[in-house]
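Each chain, written out:
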Amino acid sequence: MKVYSRHRLPPPYRVLLTVTWSVPVILLLTAASIANRVTVLDVRALPLLILLLPAVYSWREGVDVRDDGIVRRIHIPALIRYDAIHGWTHERDLLIVWDEQGEKLLECHAAHLTDFPRLTAALHKQVQ
Amino acid sequence: MKTYFPGLNTLRFYAALSVVLAHFVAPVTWFNDIESFNWRFRGIFMEGNTAVTLFFVLSGFLILGLLIREKDTTGTVSVRRFYIRRVFRILPLYYLTVIAGAIIVVLTWNVSSRDSHLEASNPAIWLTLIFFVYNFMRSMALPLTHLWSLNIEEQFYLFAPHAIRLVRTIPAALIGFVGLKFAAQAVCWFAYQATGRGIFSLMLTFSGQMRFEAMALGGLGAYLVYKQHPLLRYIFHPVTQIASAVGFIVIALSDVPSLFLADYAVAFVFMVFIVNTAAAPHCFYRVETPLLRRLGDLSYSIYMAHVPIFWLLYAGGARGIVYQTVGIAFTLGAAFLLHHSFEVPFMRLRERFNPSLIPTPDVQT
């Protein structure tokens, strides 16, 4: 499915957060490999890779605009179809999208996403 | 910022018990008894060194947190009051332990090892104990061997309040400090690899013991919590909580490599774990019961009492499972008595020197 626009954390924060969460794993694996001759491929090192989850999350966090809807990658990832969106509001830098029952489908700060006007423009165009 | 953080007392007790269990092997040095290597029970507990890192991060989180709060509310830090509070908190029990250690050495002279005799006869060692620089002696054969970590903590707090008072941006200063120490250790490591000179090895050993970065990272965590920093969104996130819990378990159950790189990673994981335990709105690994809270209150006394008690028991002939179980029971009993009869009265005195804007924290360090 074609993605028209990707909205992520502004690059410096995105890189910084990803690096911050990756560094401990790199340090531990490097220390283990130097001190104990444990290689990265050692099964004992596998649980440490879970420490990379926050790095992966920080890197991927954001919103994708597609033909059939928007993909929320904030908190729990989900595809939000345009026809499931009942309304949205963008006030004081806060974007809130809700469904027919009034439940929030997406809530994010403008400052947390790159190219935010394109996201709101897509919502404006697709959601009646 | 709250002054009581649920769950931290449980962590303190866990760290204290880990150190206690790690010191079961100490008679190897004290009494030249190689057999005690087989007597160590570890279970779900950490290596002693790793547990001390946990103590350091907790200490930084709580103590630097109070300093950060004081600076934010009053515009400065009263260094004099800080030192008076530290004196009342740490020194009475510390010097009581040193005196008890000296008496125990004399009482058990006939059964202790030659290494112990050599160290006990060295006045320099006793002077370093008195002046909180015992960590530089690397002495291992006295019933006071565990005091090195207290010395390092107090060395850090010798300059930390001044730094917090003087610096304009606290997080930048803390991160810069951690980065500088890392760079210095990396230089030493590379220099040692390249030249093989003993001086670099020695510098690595001492700087490795002086885990100031752990306290600085704890302080950084406290800053984020106190300022309700936007980064907390990532720290409190379920993904991060799961990662930090797994990281904590892996670190607790494994033998952390004794290379400085690992110390930074461990301290970082502990910082995230502690921040979540202390301040996350929902944290699945926060554990606190009235019993654990009370046992956490005893942590400092447990830490101070256990080594002299182990020494006495061993010298008295206790071995194997008896040595271990009686050692833990006596340690808890002595810690209870010490806490209530010795620590608490001094802590009450200390309260007089709390800045009026800062209530006494329930969690003591």
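Residues numbered from 1 in each chain as written. Chains lettered and ligands numbered in written order. Predicted model: local features only at pLDDT ≥ 70, side-chain atom pairs only at ≥ 80, totals over all residues.

Asks: Help me understand the overall build of chain A in this model?
Replies: Summing up its helical and strand segments, chain A has 3 helices and 7 strands in all. Helices and strands appear in chain A in the N-to-C order β-α-α-β-β-β-β-β-β-α. Taken over the C-alpha atoms alone, chain A extends approximately 60 × 25 × 25 Å along its principal axes. The burial tally for chain A puts 25% of its 128 residues in the buried class. When contacts within chain A are restricted to residue pairs at least 6 apart in sequence, those whose partners lie at least 24 apart make up 53%. (Helix = DSSP H or I, 4+ residues; strand = E, 2+ residues; numbered from the N terminus. Buried ≥ 20, exposed ≤ 12 C-beta atoms within 10 Å, placed from the backbone. Contact = placed C-beta atoms within 7 Å.)

Asks: Can you help me understand the overall build of chain B in this one?
Replies: Within chain B, the secondary structure is distributed over 16 helices and 0 strands. The buried share of chain B, reckoned over its 365 residues, is 45%. When contacts within chain B are restricted to residue pairs at least 6 apart in sequence, those whose partners lie at least 24 apart make up 79%.

Asks: Looking at this structure, I do not really get the interface of chain A and chain B. What am I missing?
Replies: Size of an interface: often given as the accessible area lost when the parts come together. Contacts between the two partners involve 18 residues from chain A and, on the opposite side, 18 residues from chain B. Counting residues per element, the ones that place at least two in the side of chain A that touches chain B are α1 (11-36) and α2 (53-60) of chain A. Counting residues per element, the side of chain A that touches chain B draws most heavily on α1(A), at 10 residues. Each residue belonging to the side of chain A that touches chain B can be placed in one class, and the counts come to 15 nonpolar, 3 polar and no charged. (Nonpolar A, V, L, I, M, F, W, Y, C, P; charged D, E, K, R; others polar.)

Asks: Got a minute to help me understand the sheet that holds strand β1 (residues 3-8) of chain A in this structure?
Replies: The strands making up a sheet associate through backbone hydrogen bonding, with each pair oriented either parallel or antiparallel. Residues and elements named next belong to chain A. Strand order in this open sheet of 4 strands is β1-β2-β3-β4, and the pairing throughout is antiparallel. At either end of the open sheet lies a strand with only one pairing partner, and these are β1 and β4 (78-81). With direction set aside, neighbouring strand axes in the sheet form an average angle of 20°. Pairing between strand β2 (residues 62-66) and strand β3 (residues 69-72): 3 bridges, direction antiparallel. What sits directly across from V63, in β3, is R72. (Pairing = 2+ DSSP bridges. Axes fitted to C-alpha atoms, helices over the stretch in contact; angles between N-to-C directions.)

Asks: Honestly, the environment of B:A214 in this entry has me stumped. Any pointers?
Replies: Residues and elements named next belong to chain B. Residue position: A214 is located in helix α10 (residues 212-226). Note: C-alpha distance between A214 and F330 (116 residues apart in sequence) is 31 Å. Each residue touching A214, except ones within four places of it in the same chain, is listed here: T53, F56, V57, G60 and A267.

Asks: Which parts of the structure should I look at to understand the confidence of the model for chain B?
Replies: Any region with low pLDDT has predicted coordinates that should not be read closely. Mean pLDDT over chain B: 91, with 95% of residues reaching 70 or higher. Per the prediction output, this complex has pTM 0.93; the corresponding ipTM is 0.89. (pLDDT = per-residue confidence, 0-100.)

Asks: Would you mind showing me how to read the nonpolar core here?
Replies: One recurring pattern in soluble globular proteins: nonpolar side chains tend to sit buried together. Core analysis: the largest hydrophobic core is formed by 115 residues, its most contacted members being B:V57, B:M271 and B:I274. Take this core: its biggest share by element is 17 residues, from helix α13 (residues 260-279) of chain B. Counting residues in each nonpolar core, the second largest holds 10 residues, with A:I85, A:V97, A:L113 and A:L119 among its members. (Core = buried A, V, L, I, M, F, W, Y, C linked by C-beta atoms within 7 Å.)

Asks: Mind showing me how you'd approach the sheet that holds strand β5 (residues 87-91) of chain A here?
Replies: Residue and element names in this part refer to chain A. Pairing is antiparallel in the open sheet, where 3 strands are placed in the order β5-β6-β7. The open sheet terminates on both sides in strands that have one partner only, identified here as β5 and β7 (104-109). Ignoring which end each strand starts from, the neighbouring axes of this sheet average 10° apart. By the bridge criterion, 5 bridges tie strand β6 (residues 94-98) to β7 in an arrangement that is antiparallel. Bridge pairing in β7 links L94 to H109.

Asks: Sorry, what's going on with the pairing of β4(A) here?
Replies: A regular strand places its side chains so that they alternate between the two faces of the sheet. Residues and elements named next belong to chain A. For β3 and β4, the ladder comprises 4 bridges, and the chain directions are antiparallel. By the bridge assignment for β4, I70 is matched with I80. What sits between the antiparallel neighbours β3 and β4 is a turn of 5 residues, in which H75 has the positive phi angle 65°.

Asks: Would you mind showing me how to read the packing of α1(A) against α13(B) here?
Replies: When two helices pack together, their arrangement is captured by the angle between the axes and the distance separating the axes. Taken N-terminus to C-terminus, the directions of α1(A) and α13(B) make an angle of 145°; their axes are 8 Å apart at the nearest point. The handedness of the crossing between α1(A) and α13(B) comes out as left-handed. From α1(A), A:P24, A:L27, A:L28, A:T30 and A:A31 reach across to α13(B), where they touch B:L261, B:A262, B:Y264, B:A265, B:F268 and B:V269. Among the residues making up the contact of α1(A) with α13(B), the classes are represented as 10 nonpolar, 1 polar and no charged. (Left-handed = near helix turned anticlockwise from the far one by under 90°.)

Asks: Whenever I open this one, the confidence of the model for chain A confuses me. Can you help?
Replies: Across chain A, the average pLDDT comes to 89, with 95% of residues at 70 or higher. Predicted confidence in chain A is weakest over helix α3 (residues 116-126) of chain A, with a mean pLDDT of 90, and strongest over α2(A), with 95.

Asks: Can you walk me through the environment of B:G7 in this structure?
Replies: All names here are of chain B. If you trace the backbone, G7 turns up in the segment before α1 (8-22). Classification of G7 by C-beta neighbours within 10 Å gives buried; the count is 23. Residues contacting G7, with those up to four places away along its chain left out, are T277, A278, R286, V287 and E288.

Asks: How should the domain arrangement of chain A be read in this particular structure?
Replies: According to the domain assignment, chain A consists of domain 1 (8-58) and domain 2 (63-126). Computed over C-alpha atoms only, the centres of domain 1 of chain A and domain 2 of chain A are separated by 31 Å. (Domains from an automatic or database assignment.)

Asks: Explain the pairing of β2(A) to me, please; I cannot follow it from the model alone.
Replies: Residues and elements named next belong to chain A. β2 sits mainly inside the fold: 4 of its 5 residues count as buried. Pairing analysis gives 5 bridges linking β1 to β2, with the strands arranged antiparallel. Bridging from a neighbouring strand, R8 pairs with G62 of β2. The antiparallel hairpin formed by β2 and β3 contains 2 residues in its connecting segment.

Asks: For this particular structure, what's the right way to read the packing of helix α4 (residues 79-107) of chain B against helix α16 (residues 320-351) of chain B?
Replies: Residue and element names in this part refer to chain B. Here α4 crosses α16 at 155°, and the two axes come no closer than 8 Å. What the angle tells us is that α4 and α16 run roughly antiparallel. Along this stretch, α4 crosses α16, giving a crossing that reads as right-handed. The segment α4 lies against α16, with R85, F88, R89, P92, L93 and L96 engaging L338, F342, E343, F346, M347, L349 and R350. Among the residues making up the contact of α4 with α16, the classes are represented as 9 nonpolar, no polar and 4 charged. (Parallel < 35°, antiparallel > 145°, perpendicular 65-115°, else oblique.)

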